[in-house]
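Architecture at a glance
What follows is the residue order along each chain.
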Amino acid sequence: MSTIFATNVWSKDKPITKGDLIGEKFDCEIFINAIKLSDNMVVNKENKITYIFKNNYNNLNYMFSGCSSLTTIDLSKFNTENVTNMYRMFFDCKSLTSINFSNCCTKNVTNMGSMFHGCKSLTTIDLSDLNTDNVTNMGSMFDDCYSITSINISNFNTSNVIDMSCMFKNCYRLTSINLSNFVTDNVTDMSYMFSKCFSLTSINLSNFNTNNVNNMTHMFNGCKCLSSLDISNFNSGKMRNSGLKEMFEGCKTLKINDIKQKDFRFRQQAFIDLMKN
């Protein structure tokens, strides 16, 4: 099976057999509230799935995790208004190229960590309809999205986010990203946030507040096309001793004078890292 169309009673128009879901033709189980959907599946005489679950659910973590043959998911009619957890929801969906989130309610979600981690075939994704008002975890959200070139997160509210570590790590083909709406007042971890974003040429972080951040290790590590960086608003006041380790290592185009900063610790780390290039 390569396509899933989800509603709150989990129906699918195309006739399929039970084997398509849980047999050799399907490469993973689907979970809601940590319960395998195949355990509650009803198939009618026409081999259509007409019902799988109807109970209230708030946990979609690992829902499609490991569905490596899945290419398309339509969640536009999926009732998610009570969901609080979307951790690793699409983890390692290697073939996924399209996700429809329009009308998807995420107002109560607090955990979006590793949500798209390992979606290696996604080239673009529009998340402008996602409500992130209550999200605290965005760590590794797009980690290992090797092919992604464009991410629309212009409407993200990040005022409650604590963890942004590895958020865009290994997004090899990402050329630019608009983070002008990001509020980072409560973030404590930005380690590996842009690590190995090989194609990024510039990042506007002028609105970033790093007063509470204690870890920025490898934050820009491997950003080999980054030609300038303004972190003049960055504060290392709460940074632990190793919290800046290899922050700029592998930024082969960046020179010490290309980095704008006021905090001596950042300049010192930049000098150490860029001398290795």
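Okay, the overall build of the chain next. Within the chain, the secondary structure is distributed over two helices and 11 strands. Reading the helices (α) and strands (β) of the chain from amino to carboxyl end gives β-α-β-β-β-β-β-β-β-β-β-β-α. Relative to its 277 residues, the chain shows a buried fraction of 48%. Long-range contacts, defined as pairs at least 24 residues apart, comprise 77% of the intrachain contacts of the chain with a sequence gap of at least 6. Summed over its atoms, the accessible surface of the chain is roughly 12,200 Å², and 44% of this surface lies on carbon and sulfur atoms.

Turning to the pattern of salt bridges, a few remarks are in order. Applying the stated rule across the entire model yields two salt bridges. When the shortest N-O distance is used, the salt bridge between Lys276 and Glu249 registers 2.7 Å. Taken together, the residues Lys276 in the segment after helix H2 (264–274) and Glu249 in the loop between strand E10 (229–230) and strand E11 (259–260) connect sequence positions 27 residues apart. Assessed through its relative accessible area of 22%, Glu249 is described here as partly exposed.

Aromatic ring pairs: the centre-centre distance and the angle between the two ring planes describe each pair. As enumerated under the stated definition, the model contains 15 aromatic pairs in all. Here Tyr62 and Tyr87 contribute two aromatic rings whose centre-to-centre distance is 5.8 Å and whose plane-to-plane angle is 75 degrees, an arrangement assigned as edge-to-face. Taken together, the residues Tyr62 in the loop between strand E5 (49–51) and strand E6 (72–77) and Tyr87 in the loop between E6 and strand E7 (98–100) connect sequence positions 25 residues apart. With relative accessibility at 24%, the residue Tyr87 sits in the partly exposed group. Consider the rings of Phe208 and Phe234, whose centres lie 6.5 Å apart with planes at 5 degrees: the pair is stacked. Taken together, the positions of Phe208 in the loop between strand E9 (150–152) and E10 and Phe234 in the loop between E10 and E11 put the pair 26 residues apart, joining distant regions of the chain. As far as burial versus exposure is concerned, Phe208 and Phe234 are alike and both buried. Taken together, the ring pairs connect Phe64, Phe90, Phe101, Phe116, Phe142, Phe168, Phe194, Phe220 and Phe248 into an aromatic cluster. Here the basic side chain of Arg88 rests over the ring of Phe91, its NZ or CZ set 4.0 Å away from the ring centre. Looking at Lys224, its charged tip hangs above the ring of Phe198, at a distance of 4.8 Å from the centre.

In this section: a nonpolar patch on the surface. A cluster of nonpolar residues, Phe271, Ile272 and Met275, forms a patch on the protein surface that exposes about 330 Å² of accessible area. Tracing the backbone through its elements, the reader meets Met275 in the segment after H2.

Glancing now at H2. Burial in H2 covers these residues: Phe266, Gln269, Ala270, Asp273 and Leu274. With its buried residues spanning 120 degrees around the axis, H2 presents them on a single face. Where H2 is buried, its residues contact E11. With a side-chain oxygen lying 3.0 Å from the backbone nitrogen of Arg265, the N-terminal cap of H2 falls on Asp263.

Bringing the environment of Ser98 into the picture now. By secondary structure assignment, the location of Ser98 is in strand E7. Sequence separation of Ser98 and Ile73 is 25 residues, and the distance between their C-alpha atoms is 6.4 Å. The residues touching Ser98, leaving out its near neighbours within four places in the chain, are Thr71, Thr72, Ile73 and Leu122.

So, on to the confidence of the model for the chain. In this model, the chain carries an average pLDDT of 83, and 80% of its residues clear a pLDDT of 70 or more. When the criterion is pLDDT under 50, residues 7–27 qualifies, and its contacts beyond four places in sequence or with other chains add up to 58 contacts.

Of note in the backbone geometry, Cys166 takes a positive phi value of approximately 60 degrees without being a glycine. With respect to the element layout, Cys166 can be found in the loop between E9 and E10. In this model, Asn170 sits at a positive phi of 65 degrees, which is unusual for a non-glycine residue. In this fold, Asn170 is placed in the loop between E9 and E10. Take Asn170: its relative accessible area is 8%, and that puts it in the buried class.

Ranked by internal contacts, the top residues of the largest apolar core, which has 73 residues, are Phe90, Phe101, Phe116, Phe142, Phe168, Phe194 and Phe220. Mapped onto this core, the elements with two or more residues apiece are E6 and H2. Here this core gets three residues from one element, more than from any other, and that element is H2. Beyond its immediate stretch of four places on either side in the chain, Phe142 contacts Phe116, Ile125, Leu127, Ile151, Ile153, Met167, Phe168, Lys169 and Cys171.

Right, let's get into the side chain of Asn221. When you line up the elements, Asn221 lands in the loop between E9 and E10. Judged by its relative accessible area of 12%, Asn221 falls in the buried class. With residues near it in sequence (within four places) discarded, Asn221 still touches Phe194, Ser195, Lys196, Glu246, Met247 and Glu249.

What counts and what doesn't
- Residues numbered from 1 in each chain as written.
- Predicted model: local features only at pLDDT ≥ 70, side-chain atom pairs only at ≥ 80, totals over all residues.
- Heavy atoms only, no water.
- Helix = DSSP H or I, 4+ residues; strand = E, 2+ residues; numbered from the N terminus.
- Buried < 20%, exposed > 50% of the residue type's maximum accessible area, 1.4 Å probe, protein only.
- Contact = heavy atoms within 4.5 Å.
- Areas by Shrake-Rupley, 256 points an atom, 1.4 Å probe, with all protein chains shown as cover.
- Salt bridge = Lys/Arg side-chain N within 4 Å of Asp/Glu carboxyl O.
- Phe/Tyr/Trp six-rings, centres within 6.5 Å; stacked < 30°, edge-to-face > 60°.
- Lys NZ or Arg CZ within 6 Å of the ring centre and 35° of its normal.
- Patch = residues over 30% accessible without salt bridge, like charges linked within 9 Å, V, L, I, M, F, W, Y side chains within 5 Å.
- Arc of directions from axis to C-beta.
- Polar contact = N/O pair within 3.5 Å; in protein donor to acceptor, adjacent residues only side chain to side chain.
- pLDDT = per-residue confidence, 0-100.
- Core = buried A, V, L, I, M, F, W, Y, C linked by side-chain atoms within 4.5 Å.

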